[in-house]
Amino acid sequence: MKRISVLALCAAFLFLCSGVHAENTGKTRVLVALGDSYTSGEGIEPFYGQDEPMSEKCRNPDWLAHRSEKSWPGMLTLPGVEGAMADHRGENFFFAAASAARTGNLFLLTDEEKEAGRSAEQEKKYDRDGIKGTAVLAPQLSIFDELDEKGLKADYVVLTIGGNDLGFRSIIAMGALGLTESLSGETDIDKGLSYLEEQYEMKDIRGSLKRVYRDIAARAGAQATILVVGYPDPFIDETANFLISSSNAKIINEADYFFLIDLANLVDECRNEGMNICYVDVSNTFAGHGAYGEDPYINPVILTAREQDLNSRAIVSSASMHPNIKGAKAYARCVQNAIDQLEAGTDTYLFDDFTDDDN
């Protein structure tokens, strides 16, 4: 049975979004994409820079971050901009999301943190074609320096973030390898969820997320609407194959659900504090389209490295359990629906998504 959407449980928080979007008056419309692999387009080739020789692409931030030419932010449109955002990189579209990013890669560090040696840079290790090393990606919020240099202001900032802080990729891998009992010593769903809730509190992931939203708002400006986009269920609950059992699929999906409920509530909390922020749910659109389903929007677990993986010796490809091209289109539909409503002036704090047959 299809799970009730995240937003249905947050119906009490349906308020007006604080963002005001005037009609286009000739100013340059700008969209900024930040966050992790679900925004960068991990798993959907081609990546920007992938056709360069390894000696060059290991220094190319786009390839290191696995920013896809077919990412969902690049599919979005804004009034007054002809075509999709991907057609206007560096003009209307600024893309800083990176695979494996954590909340700390989006922090505006204090002087004390800098003096203590803390960094918002993201390390990327690579080992391919006989070339091995570690590269460093700039802090994601430095993308706003580029906007400043061009005299531009963001209209929208879109992002997915938090999954890597929770260690969700590791949890999925454990579940896919039949090791979910290592989460708590038992395979019981409730025990697994209790473990995840404890980790969520111990790591103060909620506090880190709230800091990210505040820092983005401070750097982007009050005119920018922040669209926090959720994650889909990785599997269909009925999943059962040689890699993952139905019980493990349910544990992982329930963990995702727990996280998304709090994510939506956190965005509401930030909005009540005056932040120009909204939550976009994708759960309905992805319902029934998890990995291993009949019409999956998410890649399965892919054993051994693919040609564009940073580590050619990887046991599991980084493309595993990330949206495929159908998933990217599904994300784009949900976020475009939110942008269209905001542009039309029917601003709501929570954007419930929709189910359609457009693949």
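Bear in mind the structure is a predicted one, so any value in this text is a computation, not a measurement.

1. Quick look at the pairing of strand 5 (residues 156-160)
Working step 1: Most of strand 5 is tucked away, with five of its five residues classed as buried.
Working step 2: What you see with strand 5 is no split at all: Tyr-156, Val-158 and Thr-160 on one side and Val-157 and Leu-159 on the other are buried throughout.
Working step 3: Taken together, the five bridges between strand 1 (residues 31-35) and strand 5 define a ladder with parallel strand orientation. Residue pairing for strand 5: Gly-35 is matched across the bridge by Thr-160.
Working step 4: Pairing of strand 5 with strand 6 (residues 225-229), which is carried by four bridges, proceeds in the parallel orientation. The residue of strand 6 that forms the bridge with Val-157 is Ile-226.

2. Comments concerning unusual backbone geometry
Glycine aside, the phi torsion of most residues is negative, and most peptide linkages are trans.
Working step 1: In this chain, Glu-45 is followed by Pro-46 through a cis amide linkage whose omega measures 5 degrees.
Working step 2: As for its placement among the helices and strands, Pro-46 is situated in the loop between helix 1 (37-40) and helix 2 (54-57).
Working step 3: Even without being a glycine, Tyr-292 presents a positive backbone phi close to 75 degrees.
Working step 4: Tracing the backbone shows Tyr-292 in the loop between helix 12 (283-286) and helix 13 (325-344).
Working step 5: Of note in the backbone geometry, Met-321 takes a positive phi value of approximately 60 degrees without being a glycine.
Working step 6: Mapped onto the elements, Met-321 comes out in the loop between helix 12 and helix 13.
Working step 7: By relative accessible area, which is 5% here, Met-321 ends up buried.

3. Focus: the pattern of salt bridges
Working step 1: A full pass over the atoms with the stated rule returns 18 salt bridges.
Working step 2: Between Arg-313 and Asp-127 there is a salt bridge; the shortest N-O distance is 2.5 Å. Residue Arg-313 is found in the loop between helix 12 and helix 13, and its partner Asp-127 is found in strand 3 (residues 122-128); the two are separated by 186 residues along the sequence.
Working step 3: The exposure class of Asp-127 is buried, given its relative accessible area of 14%.

4. Observations regarding the nonpolar core
Working step 1: In this structure, Val-32, Leu-34, Phe-144, Val-157, Tyr-213 and Ile-216 are the most contacted members of the largest nonpolar core, which totals 78 residues.
Working step 2: If one sorts the elements of this core by residue count, helix 13 sits on top with nine residues.
Working step 3: Counting eleven residues, the second-largest nonpolar core is a separate cluster that includes Phe-47, Met-54, Ala-65 and Tyr-126.

5. Digging into the pairing of strand 6
Working step 1: Of all five residues that make up strand 6, five are buried, and the element is covered over most of its length.
Working step 2: Burial along strand 6 is two-sided: Thr-225, Leu-227 and Val-229 and Ile-226 and Val-228, pointing in opposite directions, are all buried.
Working step 3: The pairing of strand 6 with strand 7 (residues 277-280) spans four bridges and is parallel. Of the residues in strand 7, the one forming a bridge with Val-229 is Val-280.

What counts and what doesn't
Residues numbered from 1 in each chain as written. Predicted model: local features only at pLDDT ≥ 70, side-chain atom pairs only at ≥ 80, totals over all residues. Heavy atoms only, no water. Buried < 20%, exposed > 50% of the residue type's maximum accessible area, 1.4 Å probe, protein only. Helix = DSSP H or I, 4+ residues; strand = E, 2+ residues; numbered from the N terminus. Pairing = 2+ DSSP bridges. Salt bridge = Lys/Arg side-chain N within 4 Å of Asp/Glu carboxyl O. Core = buried A, V, L, I, M, F, W, Y, C linked by side-chain atoms within 4.5 Å.

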